[in-house]
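So the chains spell out like this:
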Amino acid sequence: MEKLKLGISSCLLGNEVRYDGGHKYDNWVAKTLGDYAEYVVLCPEHECGLSIPREAMNLKGKKDEYRMLTAKTMIDHTQKMLIWSETAIAKLKEEQLCGYILKSKSPSCGMERVKIYPLHGGAAGKTGVGIFARELLSAFPLLPIEEEGRLHDPGIRENFIERVFIMQRWHDLLSRKVTAAEIIRFHSIHKYLLMAHSPQHYREMGKLVAEVKQHAMPDFLDEYLKLLMTATARHATPSKQQNVLLHLLGYFKTDLDSFEKQELIQLIAQYKDGLIPLIVPITMINHYVRKYDKEYLATQVYLHPHPMELKLRNHV
Ligand code: SF4
């Protein structure tokens, strides 16, 4: 399997680039996901020209208008960071990234809820976005981007990794000459994954795909990707998952006896009620896909969205 190309805040990999000369090693990101990732490693503060160690920085100003200043000496590094960000982002656009993992709470890398201190003292509000992160989010509105802190939540982690793999398959599709047939195939193998996230977007995308030959291909691809990433940004809730699992059960109408059907229905209900993880009914369905040689289902990304070793569907 080709490795996932992911951008990452350098300190999360254990590089000693922080203001105090330390790091913020994150074991899951560095080790577990690291086995599947080729990281594009950036430390905006160091790479924009600041030393290690350096004076700590904060966002200072108002909710909608703030700058990045050193904590005590009040030196404004905002412009320096913006100039560096522009060049760094231009290079990142050539990288075909599948996602980006940012360090939370940082005035440079934090994606949300970064503290903004009033210029003349007072309590900080947690409404800021790091200066580099803000530029990154605006330059890559459809790219899966998350913070390491949020990735400790199993649901957010699962959703992020699912989307990162979707982005990898998308880049792979674009690396060949894209034909209408390839688009139809891409859409088809994502059918149940999309239904688990947003049945409404799946229907809308189906209409778009049916008219693929009536669009200029670049326009079609832009519109499809927008819908794809918007759809999958919606979390696959247990009730939407249940709906998909019951649909899949329908493929075995004539294969399973009533005991086997009841057993699978019960597993799906137990998953929906939060008693067992999603991997349990999925494993059972995958077993029946192999046993009854269901070629169409075997192509469904929903049944194999990411490596099992990441254990992303093992939580309740
Ligand atoms: S949070 Fe960002 S800027 Fe700060 S040390 Fe880590 S990579 Fe560098």
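Residues numbered from 1 in each chain as written. Predicted model: local features only at pLDDT ≥ 70, side-chain atom pairs only at ≥ 80, totals over all residues.

Peer 1: Now, about the environment of Thr179: what can you tell me, with residues and values included?
Peer 2: Within the secondary structure, Thr179 sits in the loop between helix H5 (154-174) and helix H6 (180-189). For the pair Thr179 and Lys191, spaced twelve residues apart in the sequence, the C-alpha separation amounts to 19 Å. (Helix = DSSP H or I, 4+ residues; strand = E, 2+ residues; numbered from the N terminus.)

Peer 1: Mind laying out the sheet that holds strand E5 (residues 99-102), listing which residues take part and the relevant values?
Peer 2: Ordered in space as E2-E1-E5-E8, the four strands form an open sheet in which the pairing is parallel. With partners counted over all chains shown, the strands left at the sheet margins are strand E2 (37-42) and strand E8 (145-147), one partner each. The mean inter-strand angle of the sheet, taken between neighbouring strand axes irrespective of direction, is 25°. Pairing analysis gives six bridges linking strand E1 (residues 4-9) to E2, with the strands arranged parallel. (Pairing = 2+ DSSP bridges. Axes fitted to C-alpha atoms, helices over the stretch in contact; angles between N-to-C directions.)

Peer 1: Give a description of the site of the ligand that names residues and reports values.
Peer 2: The ligand sits among 13 residues. The nearest are Cys11, Cys43, Lys103, Ser106 and Cys109. At three residues, the largest contribution of residues to the shell around the ligand is made by helix H2 (residues 44-47). Residues of the shell around the ligand, tallied by class, amount to five nonpolar, five polar and three charged. (Near = placed C-beta within 6 Å. Nonpolar A, V, L, I, M, F, W, Y, C, P; charged D, E, K, R; others polar.)

Peer 1: Give me the lowdown on the pairing of strand E4 (residues 65-70), citing residues and values where you can.
Peer 2: For a regular strand, side-chain orientation follows a simple rule: the groups alternate between the two sheet faces. As judged from the six bridges shared by strand E3 (residues 57-62) and E4, these two strands associate in the antiparallel manner. Looking across to E4, one finds that Lys60 is bridged to Arg67. In this antiparallel pair of consecutive strands, E3 and E4, the connection spans two residues.

Peer 1: Give a detailed account of the packing of H5 against helix H9 (residues 217-233), specifying residues and quantitative values.
Peer 2: The N-to-C vectors of H5 and H9 enclose an angle of 165°; their axes lie 10 Å apart at closest approach. One finds that H5 runs roughly antiparallel with respect to H9. As for how H5 packs across H9, the hand of that crossing is right-handed. Packed against H5, whose contacting residues are Glu162, Arg163, Ile166 and Trp170, the element H9 presents Leu225, Leu228, Met229 and Thr232 at the interface. Here the residues of the contact of H5 with H9 sort into five nonpolar, one polar and two charged. (Parallel < 35°, antiparallel > 145°, perpendicular 65-115°, else oblique. Left-handed = near helix turned anticlockwise from the far one by under 90°. Contact = placed C-beta atoms within 7 Å.)

Peer 1: Which residues make up the domain arrangement of the protein, and what values go with them?
Peer 2: For the protein, the assigned domains are domain 1 (4-152), domain 2 (155-233) and domain 3 (238-310). Placing the centre of domain 1 and that of domain 2 at their C-alpha centroids yields a distance of 29 Å. If you look at the interface, domain 1 gives eleven residues, while domain 2 gives eleven residues. Taken together, the residues of the side of domain 1 that touches domain 2 sort by class into seven nonpolar, two polar and two charged. (Domains from an automatic or database assignment.)

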